[in-house]
Every structure is written in C-alpha cells, then in structure tokens.
Amino acid sequence: LVSDATYIELFNRSETYSYNLTGWRMSGVDFTFPEGTTLLPRGLLVICKDRAAFGNAYGWGIPAIEGFNGQLDNGGETITLIRPGATAAEDAIVDRVTYDDDLPWPAVADGSGASLQLIDANQDNNRVSNWTAGNGWKFFSLTRSVGTSVATNLAFFFQPAANPGNIYLDDISLVLGSDP
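Residues numbered from 1 in each chain as written. Predicted model: local features only at pLDDT ≥ 70, side-chain atom pairs only at ≥ 80, totals over all residues. Heavy atoms only, no water.

Caption draft 1: Summary view of the environment of I47. Within the element layout of this structure, I47 appears in strand β6 (residues 44-48). For I47, a relative accessible area of 0% puts it in the buried group. Not counting the four nearest positions on each side in its chain, I47 is found in contact with T6, Y7, I8, L10, M26, F31, F33, I65 and F68. (Helix = DSSP H or I, 4+ residues; strand = E, 2+ residues; numbered from the N terminus. Buried < 20%, exposed > 50% of the residue type's maximum accessible area, 1.4 Å probe, protein only. Contact = heavy atoms within 4.5 Å.)

Caption draft 2: The arrangement of the packing of aromatic side chains in detail. Taken as a whole and assessed by the stated rule, the structure comprises six aromatic pairs. Look at Y17 and Y19: their rings are 4.8 Å apart centre to centre, the planes differ by 75°, and that puts the pair in the edge-to-face class. Owing to a relative accessible area of 32%, Y19 belongs among the partly exposed residues under this scheme. Ring centres of F31 and F33 lie 4.9 Å apart, and the angle between their planes is 85°; this geometry places the pair in the edge-to-face category. Each member of the pair, F31 as well as F33, carries the same accessibility label: buried. (Phe/Tyr/Trp six-rings, centres within 6.5 Å; stacked < 30°, edge-to-face > 60°.)

Caption draft 3: Examining the side chain of T80 more closely. Positionally, T80 belongs in strand β8 (residues 76-83). Within the local environment of T80, its side chain forms a polar contact with the side chain of R96, the two groups lying 3.3 Å apart. The residues contacting T80, other than those within four sequence positions of it, are R25, M26, S27, I93, D95 and R96. (Polar contact = N/O pair within 3.5 Å; in protein donor to acceptor, adjacent residues only side chain to side chain.)

Caption draft 4: Looking closely at the environment of A133. Along the polypeptide, A133 turns up in the segment after β11 (131-132). Of the residues examined, A133 reaches a relative accessible area of 21% and is grouped as partly exposed. Here the alpha-carbon distance between A133 and S115, two residues 18 residues apart in the chain, equals 6.2 Å.

Caption draft 5: Focus on the pairing of strand β1 (residues 7-11). Burial of the side chains of β1 is restricted to one face: I8 and L10 are buried, whereas none of Y7, E9 and F11 on the reverse face is. Strand direction decides the pairing type here: β1 and β6, joined by five bridges, are antiparallel. Across the sheet, the residue bridging to Y7 is C48, located in β6. (Pairing = 2+ DSSP bridges.)

Caption draft 6: The sheet that holds β6, seen in detail. Here three strands make up an open sheet; going across it, the order is β1-β6-β7 and the pairing mixed. Because the sheet does not close on itself, it has two edges, and the strands there are β1 and β7 (64-66). Taken pair by pair, the neighbouring strands of this sheet meet at an average axis angle of 25°, ignoring direction. Summarising the sheet, β6 and β7 pair through three bridges and their orientation is parallel. Residue pairing for β7: C48 is matched across the bridge by E66. (Axes fitted to C-alpha atoms, helices over the stretch in contact; angles between N-to-C directions.)

Caption draft 7: Structural context of the sheet that holds β8. Taking strand neighbours across the sheet as the criterion, the four strands line up as β4-β3-β8-β9 in an open arrangement whose pairing is antiparallel. Both edges of this open sheet fall to β4 (31-32) and β9 (92-100), since each of them pairs with a single strand only. In this structure, strand β3 (residues 25-27) lies alongside β8, joined through three bridges in antiparallel fashion. Counted as the bridge partner of M26 is L81 from β8.

Caption draft 8: A look at unusual backbone geometry. The backbone of D30 shows a phi angle near 55°, a positive value even though the residue is not glycine. Its place among the elements puts D30 in the loop between β3 and β4. The phi angle at R42 is positive, at roughly 55°, despite the residue not being glycine. As for its placement among the helices and strands, R42 is situated in the loop between β5 (38-39) and β6.

What follows is the structure in structure tokens.
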C-alpha cells in the first residue's frame with residue numbers, strides 16, 4: 001500500500017550452488033542485476049523499486065537491491081528471469097511466473113496490500129494454486145479425548161470436493177491433558 005515499496009523476492013533452492021546473477025535480467029520490471037550480485041545456496045534476494053520506500057514500509061533490516069524501473073502491474077503480468085547468453089539469441093529463460101488479478105488469483109494481486117507468496121518452491125511456481133495471499137499458515141487447535149485405551153494412530157480426513165489442493169501440516173503436537 002506504500003507507493004513504490006513493491007518488491008520481488010528470489011529464492012535459491014539449491015543447497016550447494018551459488019548463482020552469480022551479474023548481468024541477468026528480469027523482464028516485466030525492467031531490471032538488470034548489478035556487478036557482483038550473488039544468490040547463495042538456500043538464500044533469498046530482494047529486488048525493490050525504491051529502497052527508501054521499501055525500508056519505510058518493511059523495515060531497514062532487510063537487505064534489498066534497489067532499482068527496477070518498471071512497475072508490477074496490478075492487473076497481472078509475466079515476470080521472467082533471463083540469463084544472458086553470448087548473443088540475444090542465446091539468452092536462457094531461467095524462470096517465469098505469470099500472475100493476474102482475476103479469479104482464481106487472490107484479490108491482493110490487484111495491489112490491495114498483502115503480497116503474493118509462493119507456497120512451495122519445489123512445485124511449479126507458475127500455478128495459481130502454489131501461491132497464497134500473504135496470509136500463509138493457519139493455526140488450528142483441536143482438543144479431544146482418546147478414551148481409556150492408548151491411542152497409537154492419528155488420522156486426518158479431508159473432503160477434497162469441498163477444498164481441493166494440497167494441505168501442508170507442520171508442527172503437530174499431541175499433549176497429555178486438555179491444554180493445547
């Protein structure tokens with residue numbers, strides 16, 4: 001919601017390989033990575049439109065590269081990461097994502113505040129179902145008694161027709177007593 005605080009975050013999925021991004025381009029926002037830009041293994045890199053606006057909006061402790069000249073289009077667009085070749089014909093598309101502000105994309109793709117966030121970097125990042133509207137994980141707690149016998153199995157049942165897609169479970173705790 002802060003003018004010119006827009007940003008794109010890159011994530012390196014490799015556990016062992018760093019990428020020298022010098023000269024790589026990001027079409028859609030008209031950005032070329034400056035000399036010495038490196039994306040470390042499992043590292044994150046933020047590219048923002050205006051460093052001062054970004055710092056004021058999200059804090060000054062987040063390292064960010066300033067200077068994409070374009071504007072993320074609230075109506076949707078395609079962002080492409082390009083590794084330069086010896087000639088323009090030899091340029092390689094490293095990654096591409098297309099987002100939109102029409103369903104099934106979340107309304108935030110229309111510039112309404114929260115960021116679009118990739119859910120799973122190991123899945124296809126060009127699928128709308130692999131993005132969330134910046135609200136990420138949901139906390140859920142359920143307290144039930146297992147009766148007098150010792151429970152050895154835990155089962156989850158989902159109704160796919162009502163909520164299709166993947167479900168990721170994290171940090172499950174079974175506790176003794178009734179306090180979650």
